[in-house]
Amino acid sequence: MDKPSYSVDKKGYYGIYGGAYIPELLYPNIEELRDNYLEILNNPDFKVKYHSLLKDYVGRPSALYYAENLSNHYDTRIYLKREDLNHTGAHKINNTVGQILLAEKLGKKRIIAETGAGQHGVATATVCALKKLECVVYMGETDMERQSRNVFQMQLLGAEVIPVKTGNKTLKDATNEAIRDWINNPESHYIIGSVVGPHPYPDLVTRLQSVIGNELKTQLQEKLGRSSPDHIVACIGGGSNAAGIFYPYYDEPEVRLYAVEAAGRGVHSGETASTIQMGSEGILHGSRTLVMQNDDGQITEPYSISAGLDYPGIGPAYPHLYKTNRVKFTDATDEEALQAAKLCIREEGIIPALESAHALAALDRLNAERDEVVVVNLSGRGDKDIDTYKKHLNHE
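Each value, and the rule that gives it
- Residue positions are counted from 1 within each chain, in the order its sequence is given.
- Confidence filtering applies because this is a predicted model: local features only for residues at pLDDT of at least 70, side-chain atom pairs given and counted only at 80 or more, and all residues used for totals across whole chains, interfaces and linings.
- To get the side-chain values, all heavy atoms of the structure are used, and hydrogens and water are removed first.
- Pairing between strands is defined by DSSP: at least two bridges between the two strands are required.
- Segments assigned H or I by DSSP are reported as helices when at least four residues long, segments assigned E as strands when at least two residues long, and all are numbered from the N terminus.
- Angles shown run from 0 to 180 degrees and are taken between the N-to-C directions of axes, each axis being a line fitted to C-alpha atoms and, for helices, limited to the stretch in contact.
- Remark: exposure states derive from per-residue accessible area (1.4 Å probe, protein chains only) relative to the maximum for the residue type, with buried under 20%, exposed over 50%, and partly exposed in between.
- The rule is short: rings of Phe, Tyr and Trp, with Trp giving its six-membered ring, pair when the centres are within 6.5 Å, and they are stacked under 30 degrees, edge-to-face over 60, tilted in between.
- Nonpolar cores are built from buried Ala, Val, Leu, Ile, Met, Phe, Trp, Tyr and Cys residues. Side-chain atoms within 4.5 Å join them into one set.
- Any pair of residues with heavy atoms lying within 4.5 Å of one another is described as a contacting pair.
- For the handedness criterion, the strands are oriented away from the viewer, and a crossover whose path from the first strand over the helix to the second runs clockwise is classed as right-handed.

**Some points on the sheet that holds strand E5 (residues 110-115)**
Then step 1. Judged by pairing direction, the sheet is parallel, and its four strands sit side by side in the order E7-E6-E5-E8 without closing on themselves. With one partner strand each, in any of the chains shown, strand E7 (160-164) and strand E8 (189-191) form the two edges of the open sheet. On average, each strand axis in the sheet is inclined to that of its neighbour by 25 degrees, with strand direction left out of account.
Then step 2. Relative to E8, E5 is paired through three bridges, and the arrangement is parallel. When the sheet's bridge partners are listed, Ile-111 is paired in E8 with His-189.

**Here we look at the pairing of strand E12 (residues 287-291)**
Then step 1. Counting buried positions along E12 gives four out of five residues, so the element sits mostly inside the fold.
Then step 2. Two strands pair when backbone bridges link them, and strand E11 (residues 280-284) and E12 are joined in this way by five bridges, in the antiparallel orientation. Of the residues in E12, the one forming a bridge with Glu-281 is Leu-290.
Then step 3. Linking E11 to E12, which pair antiparallel, is a turn of two residues; within it His-285 sits at a positive phi near 50 degrees.

**A few points about the packing of aromatic side chains**
Here the distance between the centres and the angle between the planes together describe a pair of aromatic rings.
Then step 1. One pass over the structure, following the stated rule, counts nine aromatic pairs.
Then step 2. Between the aromatic rings of Phe-46 and Tyr-50, the centroid separation amounts to 5.8 Å while the plane-to-plane angle is 20 degrees, which identifies the pairing as stacked. With Phe-46 and Tyr-50 both in helix H2 (residues 44-58) and four residues apart, this pair spans about one turn of that helix. As far as burial versus exposure is concerned, Phe-46 and Tyr-50 are alike and both buried.

**Looking at the nonpolar core**
Then step 1. In this structure, Met-154, Phe-246 and Tyr-318 are the most contacted members of the largest nonpolar core, which totals 88 residues.
Then step 2. For this core, the element with the highest residue contribution is helix H4 (residues 92-105), accounting for six residues.
Then step 3. In this structure Tyr-318 touches Val-195, Ile-236, Gly-238, Gly-239, Ala-242, Ala-243, Phe-246, Tyr-250 and Phe-329, once residues within four positions along its chain are discounted.
Then step 4. Listed in part, the 25 residues of the second largest apolar core include Ala-67, Ala-332, Ala-359 and Ala-362.

**A few points about the sheet that holds strand E14 (residues 373-378)**
Then step 1. Strand order in the open sheet formed by six strands is E3-E4-E14-E9-E10-E13, and the pairing between neighbours is mixed. Each of the sheet's edge strands pairs with one partner strand only, and the pair in question is strand E3 (64-66) and strand E13 (327-333). The sheet shows a mean angle of 25 degrees between the axes of neighbouring strands, direction not considered.
Then step 2. Strand direction decides the pairing type here: strand E10 (residues 256-264) and E13, joined by seven bridges, are parallel. Looking across to E13, one finds that Val-260 is bridged to Thr-330.
Then step 3. Sitting on the sheet, helix H15 (residues 354-361) is in contact with strand E4 (77-82), strand E9 (231-235), E10, E13 and E14, with an inclination near 145 degrees to E9.

**Quick notes on the pairing of strand E6 (residues 134-140)**
Every other side chain in a regular strand lies on the same face of the sheet, so the side chains alternate between the two faces.
Then step 1. When you tally the buried positions in E6, you get six out of seven residues, the bulk of the element.
Then step 2. Inspection of the sheet shows E5 paired to E6 by six bridges, in the parallel sense. Bridging from a neighbouring strand, Ala-113 pairs with Val-137 of E6.
Then step 3. Chirality of the crossover, the property in question, places the unit of E5, helix H5 (residues 119-131) and E6 among those that are right-handed.
Then step 4. For E6 and E7, the ladder comprises five bridges, and the chain directions are parallel.

Below is the structure:
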């Protein structure tokens, strides 16, 4: 029996998921990107510039930190991959640095982005400021209210932040508007922030984020004399930080991979963002994937306390990884994520992003042995979530 493939095929599919289901007016944009992205990413000049910026501008490699107090609490060996220490405070900058260099190669002068929690928007505005390119960021009004600090940062960096007032006024709606803009302005480049959208975006973003997992291999070898942990845990909305740390390990079945979705107020509460459990097959933002939708195929609004995880779909690689049993899926409620964040703060002096707190919440269900190595991708820092923590943890 052939070993299952976890990488995208030549047509842009992961098993039956993926592809490019897009309006005819968008085909020239996607075709230009599809025909050039691999050649650009593999160009020696691109690689030198990309890794130079990651080192000197972003601050990579990000630290691999042995969390001794959390390890004692869970009675196993826990390491945190510190993406929160990156410039702009999250893993998102890895992707935007790569895509801004790609946009330069393609001769683009205007950049479009969407953002939910605001971290991708800030990262995009940052690299646009660096490269002196026009930047337009779409963000739902709901997210703008709960992430006002990031909105101001984007504006301070010179980006035009356009509020989206349709739908639930969150990430899905911002993505819709960004795609409309790209159709109307094909001379622009659209920097998608996650492993979603039409091919080649899921593969492009995965390749740029895989610096996380590749660094992890080197760091574990240096620290422990082995390049592979026993468990890797990452939160997942669209799935970019998880893809970045999982990707180099897909063909190592002894490494157990865990993706943690946002259960919101409970998977079956009607207020959740757990796509694997509550989604069904459909088309969302140009790819075939699992989508949260009603019987008529209309998108149902997801919910999470975390603005970065309330996306009504999931990157198209993940349904394939789920069906082939390569990635185990679990979820964490708002309250579980808040308590996991509090534990990390009090035990390690690290304030995680609410997204990352969902990954931390899964540590009590891994059943990891005492001598096993668990790596949690701490995808971002919690500065942007301080007001939410203040509201929910102030009395504790």
